[in-house]
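# Remarks on the overall topology
Read off the chains here:
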Amino acid sequence: MAEKKVTKKAAAPKAEEAKKAPAKKAAAPKKVAEKKVAVVNAENAGFKAGDVYQALAAAGKALTVKEIAKAAKISEEETLLGLGWLFKEGKLATADEKITLA
């Protein structure tokens, strides 16, 4: 029987390829945006209600919560806080998932 010779040439290309391949750099850590915490108290709720009211008055038409938040330049959570205040006072009306001044 003939024996098979193991040559070093077969193993060598893999080692050479590994040396030639560029080293991968570690990925830079992603920057996490800081979350803005909404303070919930009577004073802040009143201010947010004012922001929401002004945005609706300026628009002059029914808006969604997302549209109100964008127009008032506040978060959706703060928008909901203000909407709750205004709904309780009876200053808002709804129609087809949109909110308008009553």
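Residues numbered from 1 in each chain as written. Predicted model: local features only at pLDDT ≥ 70, side-chain atom pairs only at ≥ 80, totals over all residues. Heavy atoms only, no water.

### Remarks on the packing of helix 3 (residues 65–72) against helix 4 (residues 76–88)
A pair of packed helices is characterised by two quantities: the angle between their axes and the separation of those axes. Running from N to C, helix 3 and helix 4 point in directions that differ by 100°, and their axes come no closer than 9 Å. The pairing of helix 3 with helix 4 is recorded here as roughly perpendicular in orientation. Taken together, the residues of helix 4 that come into contact with helix 3 (itself represented by Val 65, Lys 66, Ile 68 and Ala 69) are Glu 76, Thr 79, Leu 80 and Leu 83. Looking at the contact of helix 3 with helix 4, its residues break down into five nonpolar, one polar and two charged. (Axes fitted to C-alpha atoms, helices over the stretch in contact; angles between N-to-C directions. Helix = DSSP H or I, 4+ residues; strand = E, 2+ residues; numbered from the N terminus. Parallel < 35°, antiparallel > 145°, perpendicular 65-115°, else oblique. Contact = heavy atoms within 4.5 Å. Nonpolar A, V, L, I, M, F, W, Y, C, P; charged D, E, K, R; others polar.)

### Examining helix 3
Listed as buried for helix 3 are Ile 68, Ala 69 and Ala 72. Relative to the axis of helix 3, the buried residues are bounded by an arc of 100° and lie together on one face. Exposed residues lying more than 90 degrees from the buried face of helix 3 are Lys 66 and Lys 70. Lys 73, located one to two residues past helix 3, shows a positive phi value of around 60°. (Buried < 20%, exposed > 50% of the residue type's maximum accessible area, 1.4 Å probe, protein only. Arc of directions from axis to C-beta.)

### Quick word on the packing of aromatic side chains
Enumeration over the complete set of coordinates arrives at zero aromatic pairs. One Lys or Arg, Lys 91, reaches over the ring of Tyr 53 and ends 5.9 Å from the middle of that ring. (Phe/Tyr/Trp six-rings, centres within 6.5 Å; stacked < 30°, edge-to-face > 60°. Lys NZ or Arg CZ within 6 Å of the ring centre and 35° of its normal.)

### Some remarks on the pattern of salt bridges
What the rule picks out here adds up to two salt bridges. Residue Glu 78 pairs with Lys 48 through a salt bridge whose shortest N-O separation is 3.8 Å. On the criterion of sequence distance, the pair formed by Glu 78 in helix 4 and Lys 48 in helix 2 (residues 42–59) is long-range, its members being 30 residues apart. For the pair Glu 78 and Lys 48, one class covers both residues: buried. Residues Lys 91 and Glu 89 are paired through a salt bridge, measuring 3.4 Å at the closest nitrogen-oxygen approach. (Salt bridge = Lys/Arg side-chain N within 4 Å of Asp/Glu carboxyl O.)

### A look at the environment of Ala 57
Position of Ala 57 relative to the elements: it lies in helix 2. Distance from Ala 57 to Thr 100, taken between C-alpha atoms, is 8.5 Å for residues 43 residues apart in sequence.

### Describing the pairing of strand 1 (residues 92–95)
With four bridges connecting them, strand 1 and strand 2 (residues 98–101) associate as antiparallel partners. Paired with Ala 93 across the bridge in strand 2 is Thr 100. Hairpin geometry of strand 1 and strand 2 is characterised by an intervening segment of two residues between the two adjacent antiparallel strands and by a positive phi of about 50° at Asp 96. (Pairing = 2+ DSSP bridges.)

### Notes on the nonpolar core
Listed in full, the 12 residues of the largest apolar core are Ala 49, Val 52, Ala 55, Leu 56, Leu 63, Ile 68, Ala 72, Ile 74, Leu 83, Leu 86, Leu 92 and Ile 99. Where this core is concerned, the elements lending two or more residues are helix 2, helix 3 and helix 4. (Core = buried A, V, L, I, M, F, W, Y, C linked by side-chain atoms within 4.5 Å.)

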